[in-house]
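# What the coordinates show
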Amino acid sequence: MAEKTAKPTSLTDWLLYLEHLHPKVIDMGLVRVRQVKDTVGLIPTFPLIAVGGTNGKGSACAMLESILSCAGYRVGCYTSPHLLKYNERVRIEQKAVSDEELCYAFDVIESARLRCDTSLTYFEFGTLAAMHLFTQSKVDVAILEVGLGGRLDAVNVFDADCAILTNIDLDHMDYLGSTREEIGIEKVGIFRKNKIAICGEPNLPEVVRKQINAIDAKFFCIGDDFNYKVDNIQWDYKGPVGGYSSLPHPALRGIYQLKNASICLTALGVLRDKLPVTASDVRRGLLEISLPGRFQVLPGKPATILDVAHNPAAARVLADNLGALGFHQYTYGVIGMLKDKDIASVVQALKKYVDTWLVASTDIARGASSDEIIQALKKIGITNEDKIHAFPNAMTAYVFAREHATENDRICVFGSFYTVSAVLAVL
């Protein structure tokens with residue numbers, strides 16, 4: 001039950017308050033969040049694009065935000081989690097909103113929550129606050145990144161004009177199911193009858209495809225309705241309403257980003273009546289994308305790569321990118337993860353590319369200790385104690401790497417947003 005207490009006045013105090021507002025960090029369901037949404041009267045009058053999937057959600061959001069902004073639209077973008085400041089989660093016109101704006105929105109949501117006599121999780125509260133700011137700011141379009149799953153995620157309380165599913169892989173299995181089939185059913189819950197649904201998963205389980213057919217959305221799937229082709233330093237895209245040739249590669253590194261880009265171009269193509277964009281907008285938007293922490297290669301030597309890869313699929317992509325990065329004499333891997341992730345599978349994917357493991361504890365409730373990660377390393381056969389070093393946090397692990405790496409070496413920081421954000425704070 002809701003308790004009436006003095007409202008926080010600063011953003012720091014608000015975030016601390018929200019962390020302890022609900023008894024569970026994750027509490028999937030839409031009843032409570034819908035109550036508060038309806039009490040506030042959050043009825044968006046602008047197009048909504050929801051982006052779900054196991055990996056690639058942040059990249060897809062960034063691409064859509066960049067292209068639509070280049071087209072002159074006033075874009076609202078809500079993503080999670082953040083790296084350094086909570087404000088990063090809520091952007092209007094590609095700028096993080098201010099502390100004052102967030103405090104105002106939190107106050108509005110809190111007043112409605114108290115009237116409903118209910119509780120909200122940290123993510124649910126933030127989702128409603130973001131949508132309130134987008135509504136008050138009269139954005140032309142809002143892009144919402146799904147937090148976990150889809151069907152019961154807070155973002156799904158809003159009906160998207162276009163819903164994107166980037167891919168389906170194993171993650172959050174404690175909440176979504178133990179198979180791709182079960183996880184896929186949860187994720188396609190963001191699709192709506194007669195609304196646009198874009199899918200970047202080429203290997204859809206049959207049961208998931210049947211569920212999509214039952215929803216009766218306007219469905220477009222990679223391989224069937226759209227695709228892309230790499231041509232040396234450029235690439236071509238062909239979709240259901242046309243295509244583009246000789247496109248520049250996105251500013252985000254990695255060949256896999258072309259799939260994310262093709263998903264976004266399909267969405268913009270079928271939304272052309274509501275949100276028309278030109279070829280020039282597309283080209284410029286692809287070149288101007290900025291997304292820290294996604295195979296982010298920092299300038300200088302030794303090379304430092306930051307990647308929030310935290311599940312097996314993302315780790316495999318990171319491994320491919322490391323393999324394509326060019327020769328480096330030695331690789332230091334700074335790893336910190338959450339204990340509810342498949343740590344053994346992540347390190348297995350990167351085993352070939354890491355010479356020395358700098359294992360960091362993550363000091364939050366869900367964080368894995370360095371000992372837990374070391375046990376996962378030993379489980380897959382990495383037992384040379386000279387190649388494994390434990391640290392109390394990612395910062396000290398990264399400092400160790402900087403002190404020992406030569407100019408011909410590289411440092412790869414990965415495993416979670418918390419790990420990458422800790423190193424970014426040092427930098």
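Here, every reference points to the structure presented above.
### A look at empty space enclosed by the protein
Evaluated as defined, the whole model comprises one cavity of 30 Å³ or more. Lining the largest cavity are His172, Met173, Asp174, Tyr175, Asp340 and Lys341.

### Structural notes on the sheet that holds strand β15 (residues 356–360)
Hydrogen bonds between backbone atoms are what pair the strands of a sheet, whose relative direction is either parallel or antiparallel. Across the sheet, six strands lie side by side as β12-β13-β17-β14-β15-β16; this open sheet has mixed pairing. The strands lining the two open edges of the sheet, one partner per strand, are β12 (296–298) and β16 (388–391). With strand direction ignored, the average angle separating the axes of adjacent strands in the sheet is 20 degrees. Alignment of β12 against strand β13 (residues 303–307), held across three bridges, turns out to be antiparallel. By the bridge assignment, Val297 is partnered in β13 with Ile305. Across the sheet, helix α13 (residues 370–379) lies against β14 (331–335), β15 and β16, angled at about 145 degrees from β15, the strand it touches most.

### Quick notes on the packing of helix α12 (residues 343–350) against α13
Here α12 crosses α13 at 60 degrees, and the two axes come no closer than 9 Å. Between α12 and α13, the interaxial angle falls into the category oblique. The crossing of α12 and α13 is right-handed. Across the interface between the two elements, Ile343, Ala344 and Val347 from α12 touch Ile373, Ala376, Leu377 and Lys379 from α13. Of the residues assigned to the contact of α12 with α13, the class counts are six nonpolar, no polar and one charged.

### Side note on the sheet that holds strand β6 (residues 162–165)
Within the open sheet, the eight strands sit side by side as β4-β3-β2-β5-β1-β6-β7-β8. Their pairing is mixed. With partners counted over all chains shown, the strands left at the sheet margins are β4 (95–96) and β8 (218–221), one partner each.

### So, α13
Three or more residues of α13 are buried, namely Ser370, Ile373, Ile374, Ala376 and Leu377. For α13, the buried positions fall inside an angular range of 155 degrees around the axis, keeping them on one side. Away from the buried face of α13 by more than 90 degrees, exposed residues Asp371 and Lys379 are located. Turning to α13, the residues buried within the fold contact β14, α12, β15 and β16. Where α13 ends, the next residue or the one after it, Gly381, has phi of about 100 degrees, a positive value.

### Concerning the pattern of salt bridges
On inspection of all chains with the given rule, the structure shows 18 salt bridges. Here Asp216 ties to Lys193 by a salt bridge, and the two come within 3.1 Å at their closest N and O atoms. Separated by 23 residues along the polypeptide, Asp216 in the loop between α8 (206–215) and β8 and Lys193 in the loop between α7 (180–187) and β7 (196–199) bring together distant segments of the chain. Given a relative accessible area of 38%, Asp216 falls into the partly exposed group. The class of Lys193 is exposed, set by a relative accessible area of 53%. Connected through shared salt-bridge partners, Asp27, Arg32 and Glu124 make up one network.

### What about unusual backbone geometry?
Excluding glycine, residues mostly have negative phi values, and the peptide bonds linking residues are mostly trans. Note the cis peptide between Ser80 and Pro81, where omega equals -10 degrees. Cis geometry marks the peptide bond from Lys301 to Pro302, where omega comes out at -5 degrees. Mapping Pro302 onto the fold places it in the loop between β12 and β13. For Lys138, which is not glycine, the phi dihedral falls at a positive 55 degrees. Mapped onto the elements, Lys138 comes out in the loop between α5 (122–137) and β5 (141–145).

### Section: the nonpolar core
Core analysis: the largest hydrophobic core is formed by 62 residues, its most contacted members being Phe106, Phe134 and Phe191. Here the element with the most residues in this core is α5; it accounts for nine residues. Not counting residues up to four positions away in its chain, the partners in contact with Phe191 are Ala163, Leu165, Ala197, Ile198, Ile212, Ile215, Ala217 and Phe219. If you look at the next biggest cluster of nonpolar residues, it comprises 40 residues, including Val75, Cys77, Leu265 and Ile289.

The rules we used
- Residues numbered from 1 in each chain as written.
- Predicted model: local features only at pLDDT ≥ 70, side-chain atom pairs only at ≥ 80, totals over all residues.
- Heavy atoms only, no water.
- 1 Å grid on protein atoms, 1.4 Å probe; cavity = no way out; pocket = protein on both sides within 12 Å on 5 of 7 lines; lining within 4 Å.
- Points joined across faces, edges and corners; volume = space filled by probe spheres on them.
- Pairing = 2+ DSSP bridges.
- Helix = DSSP H or I, 4+ residues; strand = E, 2+ residues; numbered from the N terminus.
- Axes fitted to C-alpha atoms, helices over the stretch in contact; angles between N-to-C directions.
- Contact = heavy atoms within 4.5 Å.
- Parallel < 35°, antiparallel > 145°, perpendicular 65-115°, else oblique.
- Left-handed = near helix turned anticlockwise from the far one by under 90°.
- Nonpolar A, V, L, I, M, F, W, Y, C, P; charged D, E, K, R; others polar.
- Buried < 20%, exposed > 50% of the residue type's maximum accessible area, 1.4 Å probe, protein only.
- Arc of directions from axis to C-beta.
- Salt bridge = Lys/Arg side-chain N within 4 Å of Asp/Glu carboxyl O.
- Core = buried A, V, L, I, M, F, W, Y, C linked by side-chain atoms within 4.5 Å.

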